[in-house]
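Residues per chain are reported as follows:
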Amino acid sequence: MTKVEDAVVAPAPADRENAPTADTAVEGASRSGRGLNLIGRLNAGVAAAPVLFTDAAVVAFALWTLLYHLNLGLDLRPSVVFLGWVALLPIVAYVSRKLRRRDTRGRLTDDEPADTPAEAPANRVALLRRYALPIGTALGAALFAALGTGMVTWWLAAALGLVSVISAWLAVPRRGGPTDAGAAPVSRKTTPRQGWVVLVVSLAAAYFATLIGRVSLDDVFYVGKSVWVAERDEIPFRDFLFTEGVLPAGSANPPLPSFEVFIGAMARVLHVHAATATWYLLLPVLAVFAIFALWRLVQRWAPRRPLVAFGVAAAYILLVAYYADSLNTYHLPRLTQGKSVFVHALIPLAWVYLTDYLERRSRRALILLALLSVASVGYTTTAVMLLPLLGAAAAAVLLFTRRVREAVLCFAAVSLYPVLSGALVQVLRGGIETTVATYTPLLPLRTIYELTLWLGILGVIAGLAVWWSPLVLRAGAPRQLAAGAVLAVTVLMIPGLLKLAGDLSGLRAVLWRVPWILPVPALVGMLAVIRLPGLARVNRVLAFALPAVLVCAFYTQGKPMWTDDLVQTKPTWRMPEARKASSFWIKNLDNRPPGLVLAPSSVMRALPQVTTEVRVVLPRDLYLTDYGIDTEFSRDRLLLARFADADRTVSIYEVDAAIRRVGVSLVCVWKSNTLVADAAPYLGLERIASRNPPGAMYCYRTTASPTAGR
């Protein structure tokens, strides 16, 4: 049985070890005149790094997003906006420092426990009577959700999940609600030892991220947009993949996100390629940002041994991250996409700021929460949907405990900017559904569970981490905020509710991301520090066994990031070197005629990430959905891509007509593609260039005049 500590007065043993004593106070006073030595200053800086770095990143990108949104009306060059942002950063840093000093006056110190009465320890019978129902129903919900196959088992999972959350809420004493400190001090500073561990892990993650060679099909849009901004110093509000602004913008290109424009503007100012800025400059910074955010949430919510919980959470991210669109695949393998930063850095920080505000009455935390909502919209339009849901979950907890003022403030801070920006897009751009739409219908509920929590043994572990979280987290705000989030997600996973929400909002395609408001890796890490009541010897064994068992399960049941030899020996762009070299070769051809280039599908996806000087026939087939998949425009491009990929089922006569209609001027294919070589005489293709391995290619110039250059 999980041990539930309702409230204590004295700090936990681990915290007492770090508490200042009289001797250390005298020693500190004696050193104050001469200042800290170099090692002391270094340790203090490392310990403070997670808070300073993450808060500064949130404030800085919120400032950039505000300037970007203001510029939507001013229409200045992105490089000018970037330079203005750089100039404003020192002013914002000074104001932030003043607010931080003012916020620390007149409140509890970071290591001081809250003034709440202690509760007499309960016996085992009382604990069993109180917690058997939430623990047992959570276990049943996890088993049915992760191992079930039919709709009946899913109904059982949803029902048991609701019973678990509600019974846990009723079982845990609240005594005033989320402001109770519970089983740990109000806030715990990172110790130098912890700071060094977290710093080493974050730097290792930053370097490892640059070695991952995993290709994401979405990069053709995200990196391609940054390349456009870097080369042309303008924001592409209309289509920039198929045409040069002739077609309207597709649903993948709403005006709200500022992230890709930031990368492009930075690359232009620094005179580096946008892809280089993405993979070599920004990716390591984002990796550190995400790891620091994970640590901050674990530190704030863990009931004990935060380093152990952090290590297990990091192992979960690393070892359970392979399948496309699974939660942890959005970490290091895809961290240069704004939605990945949102789910793995900003969602954890949102819960940190909510916890700080509720427990410490920190106005600074409330301001940071509002700025985080601005930054989130700049990273991804998914924030327009998920942040109001997160805010509603937190507000529901506060309303239930009759804290109306805090409920209103928290909901407004986290939701106001996303709601207003979404409403503005709905007015100006024809509907919020086009802002956050993707290209798939609403996924089945079990698939939604799988994408966030997996299935099988790993799904059971993640399900337990989620449904047990109101019991295993530190008492007070962490437990109650987790209960609100889990309850919101569980309710929405009742069959029929997500479909109804999708029909009413038009957001069917992205509602599978609803579970993203749960910080799943951190919650999984908390399972490693569970203790059983009154069983000291067993707990000593569990202290070592639980982390080992969990990591072993991740390793044996999951698929790590490096599966299929995706790790390179040196930092690289997220594309194979042969593909990258072939793309640059096509770009630099001296005799390349103007017009569209037809190439193998992989090369056509790479070229927009290399340059905007070369226009390709089909950057990615998925984006044709915006322009009608059954139109001649789309059918011609799909046919030509199959021809360039050596699909011998295509009709050469249809290819000839499509080349003329689309306006293809250059055909470049691998030398192994004999289909194009055989058809070249009939199609009037004239070979003009040859490339040796690696990436051996032939390029042909079309000699027939197009019937319509589009």
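Whatever comes next refers back to the structure up there.
Residues numbered from 1 in each chain as written. Predicted model: local features only at pLDDT ≥ 70, side-chain atom pairs only at ≥ 80, totals over all residues. Heavy atoms only, no water.

Participant: What am I meant to see in the overall build of the chain here?
Facilitator: The helix and strand inventory of the chain stands at 28 helices and five strands. When the 710 residues of the chain are sorted by exposure, 57% land in the buried category. Expressed as a percentage of contacts within the chain between residues at least 6 apart in sequence, the contacts between residues at least 24 apart total 79%. (Helix = DSSP H or I, 4+ residues; strand = E, 2+ residues; numbered from the N terminus. Buried < 20%, exposed > 50% of the residue type's maximum accessible area, 1.4 Å probe, protein only. Contact = heavy atoms within 4.5 Å.)

Participant: Would you mind going over the nonpolar core with me for this structure?
Facilitator: One broad trend across soluble globular proteins is that nonpolar side chains are buried collectively. Counting residues in each nonpolar core, the largest one holds 166 residues, and the members touching the most others are W64, F262, W301, L332, W351, W467 and F554. Membership of the second largest hydrophobic core comes to 52 residues, among which are A599, L639, L683 and A689. (Core = buried A, V, L, I, M, F, W, Y, C linked by side-chain atoms within 4.5 Å.)

Participant: Can you help me understand the environment of N588 in this one?
Facilitator: Relative to the elements of secondary structure, N588 occurs in the loop between α24 (577–587) and β1 (596–598). The class for N588 is partly exposed, based on a relative accessible area of 48%. For the pair N588 and V614, spaced 26 residues apart in sequence, the C-alpha separation works out to 9.8 Å.

Participant: Help me understand the pattern of salt bridges, please; the structure alone is not making it clear to me.
Facilitator: In a structure, side chains of opposite charge can pair up when their charged atoms sit close to one another. Within the structure shown, the criterion is met by 20 salt bridges. One salt bridge connects R403 with E406, and the closest N-O pair in it is separated by 3.3 Å. E406 shares its class with R403; the two are buried. Here R660 and D656 are joined by a salt bridge, their closest N and O atoms 3.5 Å apart. Taken together, the positions of R660 and D656, both in helix α27 (residues 652–662) and four residues apart, correspond to about one turn of that helix. When salt bridges with common partners are traced through the structure, they connect D218, D325, R334, K339 and R620 into a single cluster. (Salt bridge = Lys/Arg side-chain N within 4 Å of Asp/Glu carboxyl O.)

Participant: Mind showing me how you'd approach helix α8 (residues 219–232) here?
Facilitator: The terminal C-alpha atoms of α8 lie 19 Å apart, and with 14 residues this matches the ideal 20 Å at 1.5 Å per residue to within 8%. Among the 14 residues in α8, twelve count as buried, and that is most of the element. Looking only at α8, the buried set comprises D219, V220, F221, Y222, V223, G224, K225, S226, V227, W228, V229 and A230. Remark: D233 follows α8 within two positions and exhibits a positive phi of approximately 55 degrees. (Expected span 1.5 Å × (residues − 1).)

Participant: I tried to follow the side chain of R296 on my own but got confused; where do I start?
Facilitator: Along the polypeptide, R296 turns up in helix α10 (residues 274–301). A polar contact of 2.9 Å, which involves the side chain of R296, links it to the side chain of T54. Discounting residues that sit within four places of it in the chain, R296 has contacts with P50, V51, T54, D55, L349, V352, Y353 and D356. (Polar contact = N/O pair within 3.5 Å; in protein donor to acceptor, adjacent residues only side chain to side chain.)

Participant: Quick question: what am I supposed to make of a nonpolar patch on the surface here?
Facilitator: On the surface, a cluster of nonpolar side chains totalling about 620 Å² of accessible area is made up of I166, L170, L487, V491, L497, L500 and L504. Mapped onto the nonpolar patch, the elements with two or more residues apiece are α6 (151–171), α20 (477–492) and α21 (497–505). It is α21 that contributes the most residues to the nonpolar patch, three residues altogether. If you trace the backbone, L487 turns up in helix α20. A residue is classified by how much of its surface remains accessible, and L487, at 31% relative accessible area, is partly exposed. (Patch = residues over 30% accessible without salt bridge, like charges linked within 9 Å, V, L, I, M, F, W, Y side chains within 5 Å. Areas by Shrake-Rupley, 256 points an atom, 1.4 Å probe, with all protein chains shown as cover.)

Participant: Looking at this structure, how should I read the pairing of strand β3 (residues 664–670)?
Facilitator: Every regular strand shows the same layout, with side chains that alternate between the two sheet faces. Among the seven residues of β3, six are classified as buried, and the element is accordingly described as predominantly covered. For β1 and β3, the ladder comprises three bridges, and the chain directions are parallel. If you follow L598 over to β3, its bridge partner there is V667. Bridge count between β3 and strand β5 (residues 697–702): five bridges; the pairing is antiparallel. Following the sheet pairing, V667 is matched in β5 by Y700. (Pairing = 2+ DSSP bridges.)

Participant: Could you clarify how one ought to interpret the pairing of β5 in this entry?
Facilitator: Bridging between strand β4 (residues 685–691) and β5 involves six bridges; their strand directions are antiparallel. Across the sheet, residue S690 finds its bridge partner in β5, namely Y698. Between β4 and β5, which pair antiparallel one after the other, the connecting turn spans five residues, and G695 there sits at a positive phi close to 75 degrees.

Participant: Before we go on, may I ask you to explain the packing of helix α3 (residues 38–74) against α10 in this structure?
Facilitator: Two numbers describe a pair of packed helices, the interaxial angle and the distance between the axes. At a minimum axis separation of 9 Å, α3 and α10 run at an interaxial angle of 120 degrees. Classed by the angle they form, the pair α3 and α10 counts as oblique. Judged by the twist between their axes, the crossing of α3 over α10 is left-handed. Note on element contacts: α10 touches α3 through V285, V288, F289, F292, A293, W295 and R296, opposite A49, P50, V51, F53, T54, D55, A57 and V58. For the contact of α3 with α10, a count of residues per class yields twelve nonpolar, one polar and two charged. (Axes fitted to C-alpha atoms, helices over the stretch in contact; angles between N-to-C directions. Parallel < 35°, antiparallel > 145°, perpendicular 65-115°, else oblique. Left-handed = near helix turned anticlockwise from the far one by under 90°. Nonpolar A, V, L, I, M, F, W, Y, C, P; charged D, E, K, R; others polar.)

Participant: Would you explain the state of the cysteines in this entry?
Facilitator: Two cysteines whose sulfur atoms are joined by a covalent bond form what is called a disulfide. One pass over the structure, following the stated rule, counts one disulfide. What pairs with C668 in a disulfide is C699, and their sulfur atoms sit 2.0 Å apart. In this structure the cystine formed by C668 and C699 twists about its S-S bond by roughly 110 degrees; its chirality is therefore right-handed. Residue C668 is found in strand β3, and its partner C699 is found in strand β5; the two are separated by 31 residues along the sequence. We classify C668 as buried; its relative accessible area is 0%. Judged by relative accessible area, C699 falls into the buried class, the value being 0%. (Disulfide = S-S within 2.5 Å.)

Participant: Explain the side chain of Q609 to me, please; I cannot follow it from the model alone.
Facilitator: Its place among the elements puts Q609 in helix α25 (residues 601–610). Residue classification places Q609 among the buried residues on the basis of a relative accessible area of 7%. In this structure the side chain of Q609 is engaged in a polar contact, spanning 3.0 Å, whose partner is the backbone oxygen of R605. Sequence-distant contacts of Q609, defined by excluding residues within four places in its chain, comprise D219, V220, V223, G224, V227, H273, A275, W573 and M575.

Participant: Would you explain a positive patch on the surface in this entry?
Facilitator: A contiguous patch of positive charge, built from R97, K98, R101, R102 and R363, is present on the exposed surface. Looking at the positive patch, the element that brings in the most residues is helix α4 (residues 78–104), giving four residues. With respect to the element layout, R102 can be found in helix α4. (Lys, Arg positive; Asp, Glu negative; His and termini not counted. Charge placed at Lys NZ, Arg CZ, Asp CG, Glu CD.)

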